[in-house]
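In case you want the letters, here they are:
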Amino acid sequence: MTKLELYVRQVNSSNHRDIMRYIRTIRRYHIIIDCSPENTVALLKSALQLEMINSQYHYLLTTLDIETFDLEDFKYNGVNLTAFRIIDNEDAFVRHQLLDMLGHGVLNNSRSLVIKAQDAMMFDAVNLLARGLQGLAGNGTIDTYPLSCDRVQSWKDGSSLFNYINAIKGRGLTGHMMLTDGKRTQFKLDVLALYEKGLLKVGEYNSTTGISLNFSEIADGTVRDKNITLRITTIDEVPYMMYNNETETWEGFCYDMLNHIAGELSFNYEVHKVYDGIYGAPKNEDKNDWTGMVGELMRGEADLAVAPLTINYKREEVIDFTKPYMTLGISILFRVPKGEQPGLFSFMNPLSVDIWLYVLTAYVVVSFSLFILARFSPYEWYNSHPCDVDSDVVENQFTLSNSFWFTIGTLMQQGSDINPRAVSTRIVGGVWWFFTLIIISR
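If you're wondering where the values come from, they're calculated on a predicted model, not measured in any experiment. (Residues numbered from 1 in each chain as written. Predicted model: local features only at pLDDT ≥ 70, side-chain atom pairs only at ≥ 80, totals over all residues. Heavy atoms only, no water.)

### Observations concerning the overall build of the protein
Scanning the protein from terminus to terminus reveals 12 helices and 16 strands. Scaling as 2.2 N^0.38, a compact globule of 442 residues should have a C-alpha radius of gyration of about 22 Å, whereas the protein reaches 44 Å, well beyond that. Taken along the three principal axes of its C-alpha coordinates, the protein extends 145 × 90 × 50 Å. Each of the 442 residues in the protein was classed as buried or not, and the buried ones make up 33%. Taking all contacts inside the protein whose residues are at least 6 apart in sequence as the whole, residues at least 24 apart take part in 52%. For the protein, the computed accessible surface area is about 29100 Å², with 56% contributed by carbon and sulfur atoms. Here the protein contributes 39 positively and 52 negatively charged side chains, and the mean placements of these two sets differ by 4 Å. (Helix = DSSP H or I, 4+ residues; strand = E, 2+ residues; numbered from the N terminus. Rg over C-alpha atoms; globule rule 2.2 N^0.38 Å. Buried < 20%, exposed > 50% of the residue type's maximum accessible area, 1.4 Å probe, protein only. Contact = heavy atoms within 4.5 Å. Areas by Shrake-Rupley, 256 points an atom, 1.4 Å probe, with all protein chains shown as cover. Lys, Arg positive; Asp, Glu negative; His and termini not counted. Charge placed at Lys NZ, Arg CZ, Asp CG, Glu CD.)

Below you can see the structure in the form of C-alpha cells.
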C-alpha cells in the first residue's frame, strides 16, 4: 500500500496567501479546499497570483456553490479543478422553479438562473414542512399552543407531522427529496470540471450507487483545448525511446504510444532529452530535490515523462505514475532434484565421509585410552569374591572388549552396565560423552 502524506491547514480571512505559498514551497499538487465560498474564492485568487493555476495542480472544491463563482480568470490556464453541485440548472423542473422565482423578484442575480445551495436547501425544507402541515391538517384540526423551552413538554402533533414529512416523496431544487427517519436519502451530486468552455458535468455521485464518471466528451476532443502543448522529458533507451540522428525524430515503443494518446486526446507535445541523462534519484536526504526526469517533473520543467521509468516507493512519494505497461522480474532457475531410493549406507548421508572417519578414529582412541588407564589405575582393580576378604585374586572390568562396548554404547545413546571408578577413566568417559552429545545434536 502506498503511503499517503496529508497536510491540513486551517484557513481564516488573513492567511490565504501564506497557505498557498507554503503549498507551493513543499511542492504538493493535489489540493482539497473545504472552506466557505468566500474563503474558497480568496484561496483561488491567491493561487492565481502565485502562478499555481496551471495543469500541474489539481484542486478539489467541496463547496456546492461553484457555479456562483466568477471563473473567467481560471479556465484558460489548463488547471485541473473539480467541484460538486446539488442544483442541476439544466433540469426542466429546476429551471421552471428558478424562472418563477426570478419573475417574483426572489433571485438577486438577473443575468443567469443561479441560486446558492443553502438558499435552495432552505426552499426545499420549507416546501417539505408546508406539505407535511397540509397532510396533517387534512386529517383533523391542528392544535397550537405556546411551548416553553424550560419545561419538558412536547407538541402532541409533532410525531404525526414528523411521519407525514418522512412519507413525502417528490422533487425540489436540490433534486429528489426523500427522508428516512428525518435524514435525507437517495440524493445525487453532479461532478463538475473546469474547461475553457466553462464548468462541464463529467459524472455524478449517488448516495446509493456511489460515483460514476464519464469523460467521453473529453476523450473525443470536443471539450479539451486542442492547442495545448505538453513538454515531454525522456531518455534514450532502446527499444523504448531512440533518437534518429538522420531524420532528427524520436522512435520506439514509448514514442508510438505517445503519438496514439496524443491523437486520442487531441494535444500537441514537444519531446526533449533529459539534461543530465538520469532517470531520477534524490540528491540528498531532502526528498524535494531530485535529479533526472523526476527532478524536471517536480520543478515544473516538464509536464510528462515518457520513458521506461521504474516505479518504486521513493518516486511514488513525489510524482504520479500511470498504470505500468510492462512488468519485468529477475528469476533464479534451478533443477528440481530427483528422488533416489535409499541405499544400504544412506544413514551416513547426514555427515560427510571425513566426519565419519574422524568419529571412528576417536572411537578407537578413546576405547584404547580407557583400557590402558584402567590397567594402570589401582581403583579399577577389585576383588571378584567379596566374601573372601583375604583372596589375592583381583579383576579389572575394563577389558579390551568391554572398553569398546562402553564407548559404542555411549555413542548410540544406550548406556552400559560398566561404569568407570577411577578419576582418570571418568575424565576420559566424560569427554567422550560430551563429544557424543555434539555429534548427535548435529
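Resuming the write-up.
### Comments concerning the confidence of the model for the protein
This prediction gives the protein a mean pLDDT of 83; 92% of its residues lie at or above 70. Within the model, the stretch residues 219-223 combines pLDDT values under 50 with 10 contacts to residues more than four positions away or in other chains. (pLDDT = per-residue confidence, 0-100.)

### Let's talk about the side chain of Gln-97
For Gln-97, the position within the fold is in helix α3 (residues 92-103). Here Gln-97 falls in the buried class, since its relative accessible area comes to 19%. If sequence neighbours within four positions are ignored, Gln-97 has contacts with Phe-123 and Leu-173.

### Remarks on helix α12 (residues 423-441)
With 19 residues, α12 ought to run about 27 Å at 1.5 Å a step, and its terminal C-alpha atoms sit 27 Å apart, in line with that. If you check which residues of α12 are buried, you get Thr-425, Val-428, Gly-429, Trp-432, Thr-436 and Ile-439. Viewed along the axis of α12, the buried residues span an arc of 95°, placing them on a single side of the element. The exposed residues of α12 that point more than 90 degrees off its buried face are Val-423, Arg-426, Ile-427, Val-431, Phe-434, Leu-437 and Ser-441. Close packing links the buried residues of α12 with α10 (353-376) and α11 (400-411). (Expected span 1.5 Å × (residues − 1). Arc of directions from axis to C-beta.)

### Topic: the sheet that holds strand β14 (residues 304-305)
Pairing between sheet strands relies on hydrogen bonds along the backbone, with the strands arranged either parallel or antiparallel. Read across the open sheet, the 3 strands follow the order β13-β10-β14; overall the sheet is parallel. Of all the strands in the sheet, the pair left with one neighbour each is β13 (268-273) and β14. As paired elements, strand β10 (residues 229-234) and β14 share 2 bridges and run parallel to each other. Note on β14: the bridge partner recorded for Ile-232 is Leu-304. (Pairing = 2+ DSSP bridges.)

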